[in-house]
Amino acid sequence: MTPFSQVRMRKASVHAAAQPGRLGLHPADATAHARWGMTSIRAPGLPSAMRAAGFARGLWSVALASLPGWRGRSFTLARATGAPHGGDLQPSACPGPRGRQLSLSAAAVVNSAPRPLQPYLRLMRLDKPIGTWLLYLPCTWSIGLAAEPGCFPDWYMLSLFGTGAILMRGAGCTINDMWDQDYDKKVTRTASRPIAAGDISTFQSFVFLGGQLTLALGVLLCLNYYSIALGAGSLLLVITYPLMKRITYWPQLALGLTFNWGALLGWSAIKGSCDPSVCLPLYFSGVMWTLIYDTIYAHQDKRDDVLIGLKSTALRFGENTKLWLSGFSVAMLGALSLVGVNSGQTAPYYAALGAVGAHLTHQIYTVDIHRPEDCWNKFISNRTLGLIVFLGIVLGNLWKEKKTDKTKKSTENKIEN
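Because the structure is a prediction, the values reported are computed rather than measured. (Residues numbered from 1 in each chain as written. Predicted model: local features only at pLDDT ≥ 70, side-chain atom pairs only at ≥ 80, totals over all residues. Heavy atoms only, no water.)

Engineer: Go over the UniProt feature "transmembrane region" (unreviewed entry) in the protein, please, and point to the residues and values.
Structural biologist: This chain's UniProt record puts "transmembrane region" (unreviewed entry) on residues 223-241, 321-341 and 380-399. Across residues 223-241, helical content stands at 74% and strand content at 0%; the span's end C-alpha atoms are separated by 25 Å. The span residues 321-341 carries 100% helix and 0% strand; its end-to-end C-alpha distance comes to 30 Å. (UniProt positions renumbered as here; feature names shortened; annotations may be inferred. Helix = DSSP H or I, 4+ residues; strand = E, 2+ residues; numbered from the N terminus.)

Right, here's the structure in full:
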């Protein structure tokens, strides 16, 4: 091999190691391949033919790696060409996109979004969709109860309210973080929130809030006039709720009044107005439900809340938390039973209430209020509880048609006889 050829091959190897991403190799793999070829040239104890063959194998691996579709196969290639396979060639040990597992979780979707967009998505809590579910589910209850007997809920309204729940939950979280940014910096769990961490300025969050509220207004304008006025009435609660933890030990009650507004709005969107005999006990049951799950949630931060002077029902109830939550559970189930009676619900609905009662019993009497991770697990389990109620409403409503058909046949038979 001529000196000129050696120089060209050395340049090719260094170029490959310097641009691993362009060639589809992980940096450690590309460097190892190039080093393997260069070592083969410099090894003084090898015959020239063997040194040339070793370098050819290294250069061939780099050339193949530059072909489309070759990304991620450098480890197999290294084994095939006889390259050493030490720690710098372990395929799963290298961080980065090549080792990222495909996931459809909300957090994974947010992490895969363009980097400048990620702080805004986290500000909306799109990486933690449990809050959106808890805001949306009372809407589904109301829409389901307002459906005609024997019919499924209005899918258009369900999708419309789902979109509204995402936007209004995002707006509420933005307002909350704007109010609480100084407090969030002092709490371990919230210190990484975008505004507290400095990823988004207060002005940027204010502009973002305006965009979310504008889109939410667009959703609201798709409803009837009664519902538009009713929906606009919730904005005061959305804005003032974050302040309640500064002045009262019952901020969870304020959250309940805010989060369950959809129990009123869903019915009016279908029927054109609220039926107090159904909507008010439904709203009350949702408020009791929020007091249950958000008190459990608040126990995660009670030590930090004491230090920085914030209030919550977790601090108010203390060791008597389970007793208070039991009372709220009884009130919730009683209100849902009244909803069933006033709306003419059937057996599947009451069976669902039985399952809800069992879920609440297990949730309350097994939660360890001194373990934040257990509080979080019990908190997110409330999505299942809300879905059970919705399923019971849908099945109970479909059961009405069956009963109606039987009644009609019985009536016809009596007439014929």
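Engineer: Pulling in residues and values, what's your account of the packing of helix α17 (residues 276-298) against helix α20 (residues 321-342)?
Structural biologist: α20 packs onto α17 with a crossing angle of 155° between their chain directions and a minimal axis gap of 8 Å. In terms of orientation, α17 and α20 fall into the roughly antiparallel class. Seen from above, α17 lies across α20 with left-handed handedness. For the pair α17 and α20, contact is made by Ser277, Val278, Pro281, Leu282, Phe284, Ser285, Met288, Trp289, Leu291, Ile292, Thr295 and Ile296 and by Thr321, Leu325, Phe328, Ser329, Ala331, Met332, Ala335, Leu336, Leu338, Val339 and Asn342, respectively. (Axes fitted to C-alpha atoms, helices over the stretch in contact; angles between N-to-C directions. Parallel < 35°, antiparallel > 145°, perpendicular 65-115°, else oblique. Left-handed = near helix turned anticlockwise from the far one by under 90°. Contact = heavy atoms within 4.5 Å.)

Engineer: Help me get a handle on the packing of aromatic side chains, residues and values and all.
Structural biologist: Taken as a whole, this structure holds 16 aromatic pairs when the rule is applied. Geometrically, the ring pair formed by Trp250 and Phe317 is edge-to-face, given 5.4 Å between the ring centres and 75° between the ring planes. Here the residue Trp250 occupies a position in the loop between α14 (244-247) and α15 (251-259), and Phe317 occupies one in helix α19 (residues 313-317), the gap between them amounting to 67 residues. Judged by relative accessible area, Trp250 falls into the partly exposed class, the value being 26%. (Phe/Tyr/Trp six-rings, centres within 6.5 Å; stacked < 30°, edge-to-face > 60°. Buried < 20%, exposed > 50% of the residue type's maximum accessible area, 1.4 Å probe, protein only.)

Engineer: Got a sec to walk through the nonpolar core? Specific residues and values, please.
Structural biologist: Residues Trp141, Phe161, Leu223, Trp289 and Met332 are the most contacted members of the largest nonpolar core, which totals 64 residues. Looking at this core element by element, the count peaks at 12 residues for α17. In terms of nonpolar packing, the next biggest core, distinct from the first, is built from eight residues, Leu123, Ala171, Ile175 and Ile195 among them. (Core = buried A, V, L, I, M, F, W, Y, C linked by side-chain atoms within 4.5 Å.)

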